[in-house]
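Survey of secondary and tertiary structure
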Amino acid sequence: MNTSTSKAAFTEAKEYIPGGVNSPVRAFANVGAHPLFIAKAKGSRIYDVDGNEYIDYVGSWGPMFLGHGKGCVREAVVRAAENGLSFGAPCIAETELAKRICSMVPCVDMVRMVNSGTEATMSALRLARGYTGRNIIVKFEGCYHGHSDSLLIKAGSGAATFSSASSAGVPEDFAKHTLVLPYNNEEALEAAFEKMGKEIAAVIVEPVAGNMGVVPPGDGFLQKIRSLTKQYGSVFIIDEVMTGFRLSLSGAVGRFGIDADIVTFGKIIGGGMPVGAYGGRRDIMEFVSPVGPVYQAGTLSGNPLAMAAGNAQLKYLQENVYIYEEIEKKGAYLEQKFKESAGKHGIDIKVNRVASMLSVFFTDIEVTDFQTACTSDTERFKVYFNEMLKRGIYLAPSQFESLFLSDAHTDDDLKQTTKAFDEVMEILR
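Focus on the packing of aromatic side chains
- Scanning the model with the defined rule gives 14 aromatic pairs in all.
- Ring geometry for Phe338 versus Phe421: centroids 4.0 Å apart, planes at 10°, classification stacked. Placement of Phe338 in helix 12 (residues 322-344) and of Phe421 in helix 15 (residues 411-428) is noted, with a sequence separation of 83 residues between them. An identical accessibility class is assigned to Phe338 and Phe421; each is buried.
- Look at Phe381 and Tyr384: their rings are 5.6 Å apart centre to centre, the planes differ by 65°, and that puts the pair in the edge-to-face class. One end of the pair is Phe381 and the other is Tyr384, both in helix 14 (residues 378-390) and 3 residues apart, which spans about a single turn. Residues Phe381 and Tyr384 agree in their burial class; the two are buried.
- Put simply, the rings of Phe338, Phe362, Phe381, Tyr384 and Phe421 touch in pairs and so form one group of aromatic residues.
- The residue whose ring lies beneath Lys40 is Tyr47, and the NZ or CZ to ring-centre distance is 5.2 Å.

Looking at unusual backbone geometry
- Backbone torsion omega between Ser289 and Pro290 reads 15°, so that peptide bond is classified as cis.
- Its place among the elements puts Pro290 in the loop between helix 10 (282-285) and helix 11 (304-319).
- Even without glycine at this site, Ser60 takes up a positive phi of about 60°.
- Here Ser60 is to be found in the loop between strand 3 (53-56) and helix 2 (71-81).

Describing the nonpolar core
- Counting 95 residues, the largest nonpolar core has Ile101, Phe140, Phe245 and Tyr384 as the members making the most contacts within it.
- Look past the residues within four positions of Tyr384 in its chain and what remains in contact with it is Phe338, Val360, Phe362, Leu395, Phe421, Val424, Met425 and Leu428.
- Counting residues in hydrophobic clusters, the runner-up holds 19 residues, among them Leu125, Ile137, Ile284 and Val294.

What to know about the packing of helix 12 against helix 15
- Remark: helix 12 packs on helix 15, axes separated minimally by 9 Å, with the N-to-C direction vectors making an angle of 20°. Taken together, the axes of helix 12 and helix 15 are roughly parallel relative to one another. The handedness of the crossing between helix 12 and helix 15 comes out as right-handed. Seen from helix 12, the contacting residues are Lys330, Tyr333, Leu334, Lys337, Phe338, Ser341, Ala342 and Lys344; seen from helix 15, they are Leu414, Lys415, Thr417, Thr418, Phe421, Asp422 and Met425.
- Considering only residue class, the contact of helix 12 with helix 15 consists of 7 nonpolar, 3 polar and 5 charged.

Notes on the side chain of Ser402
- Within the secondary structure, Ser402 is located in the loop between strand 13 (393-394) and strand 14 (403-404).
- A polar side-chain atom of Ser402 sits 3.5 Å from the main-chain amide nitrogen of Leu358.
- Contact partners of Ser402, with chain neighbours within four places excluded, come to Tyr57, Gly210, Val214, Met357, Leu358, Ser359 and Ala396.

A word on the pairing of strand 12 (residues 357-361)
- Along strand 12, 5 of the 5 residues are buried, which leaves the element largely enclosed by surrounding structure.
- Neither face of strand 12 is left uncovered, since the one carrying Met357, Ser359 and Phe361 and the one carrying Leu358 and Val360 both have all their residues buried.
- Sheet topology note: the strand 11 (residues 350-354)/strand 12 ladder contains 5 bridges and is antiparallel. The partner of Asn352 across the bridge, within strand 12, is Ser359.
- Two successive antiparallel strands, strand 11 and strand 12, enclose a turn made up of 2 residues, where Ala355 displays a positive phi of approximately 55°.
- In the sheet, strand 12 pairs with strand 14 via 2 bridges, with the strands oriented antiparallel. Counted as the bridge partner of Met357 is Phe404 from strand 14.

Cut-off values and rules
Residues numbered from 1 in each chain as written. Predicted model: local features only at pLDDT ≥ 70, side-chain atom pairs only at ≥ 80, totals over all residues. Heavy atoms only, no water. Phe/Tyr/Trp six-rings, centres within 6.5 Å; stacked < 30°, edge-to-face > 60°. Helix = DSSP H or I, 4+ residues; strand = E, 2+ residues; numbered from the N terminus. Buried < 20%, exposed > 50% of the residue type's maximum accessible area, 1.4 Å probe, protein only. Lys NZ or Arg CZ within 6 Å of the ring centre and 35° of its normal. Core = buried A, V, L, I, M, F, W, Y, C linked by side-chain atoms within 4.5 Å. Contact = heavy atoms within 4.5 Å. Axes fitted to C-alpha atoms, helices over the stretch in contact; angles between N-to-C directions. Parallel < 35°, antiparallel > 145°, perpendicular 65-115°, else oblique. Left-handed = near helix turned anticlockwise from the far one by under 90°. Nonpolar A, V, L, I, M, F, W, Y, C, P; charged D, E, K, R; others polar. Polar contact = N/O pair within 3.5 Å; in protein donor to acceptor, adjacent residues only side chain to side chain. Pairing = 2+ DSSP bridges.

Listed below in structure tokens is the structure:
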């Protein structure tokens with residue numbers, strides 16, 4: 001497979017962009033390769049600048065739930081672009097998308113649009129602190145909520161990929177207001193609330209962790225967070241930037257039956273355009289300026305192109321709910337075939353999956369938190385990634401990321417993927 005044009009493009013990019021990329025995990029550094037520069041995408045496929053074709057399981061890191069270039073989404077963006085790219089003023093599409101989200105997610109009464117998932121979680125924390133008058137935030141080790149200072153403490157995603165618990169440039173004064181607990185550990189959570197419950201402004205959690213690889217919540221874990229936050233008057237924030245409208249038509253909130261105070265969104269609600277949002281109970285959301293005292297603003301928030309794409313994608317999902325059942329079957333098929341292949345070749349793996357999110361860990365230990373995720377053999381993952389790529393399967397270049405299925409993946413795509421997986425397991429035996 002010739003990727004010389006991508007290699008040359010990366011060499012040039014490094015002269016003008018730090019590390020040659022605009023998000024660290026894209027650098028392919030931890031899989032011992034250079035990144036592919038993508039020229040176009042359609043359906044379940046992406047094509048690099050050398051003309052190579054791949055079955056794409058990254059999906060722009062989650063937004064492409066309907067596949068690349070879905071007709072209704074693309075056409076909505078084109079129509080919106082004909083009327084202008086940005087107004088810096090209210091437009092009807094903002095209200096339409098906010099109303100649609102409120103109708104789909106039971107615990108959301110009002111929504112504020114922003115420009116990214118990081119902006120959504122950062123704003124949600126400020127709102128929680130303003131609403132409660134408290135400072136301490138509880139997060140969980142390995143959960144990634146964007147790169148704002150308060151949350152880049154023992155994070156997952158790129159921070160885990162680069163073996164960094166946090167980041168340079170985060171002041172200790174910020175870090176001291178963030179309490180990090182083990183994911184899925186109810187005892188640690190109870191102890192934290194017993195000790196400082198009246199100081200805790202909020203608990204933020206990925207309902208299904210997707211940034212230490214896929215790690216589902218244990219039975220009762222999310223319910224325990226809900227119970228304790230209610231008991232102590234803290235705000236419960238569910239970060240659905242990744243899981244929102246992917247795990248069900250109402251996201252993880254609907255799939256697990258959880259009543260959150262604030263929910264953050266991104267990815268799927270923009271159909272591939274840059275977007276984020278946070279929403280929740282009316283009494284909390286009315287603390288946001290200009291109604292309340294918590295300031296948050298954004299020049300491009302509610303951008304008409306992003307609103308058009310999001311409305312089109314969510315409307316399509318509302319009208320085609322069967323997609324969720326179909327994609328569940330696709331995920332179950334990959335999970336079963338991966339396990340069977342690894343078992344046949346005597347390779348220890350654990351496959352964690354929730355709906356259309358899936359991760360392969362090269363370990364014999366059940367992966368339930370960040371510490372157990374870190375038992376995965378990353379050298380084996382490196383071989384796995386590169387050998388799958390040679391066979392036309394494009395996966396996330398990190399052990400600590402999810403494989404994302406889309407509605408566009410066909411039965412032939414899945415069969416080609418499992419055939420490649422079996423060949424790679426033979427190499428790794």
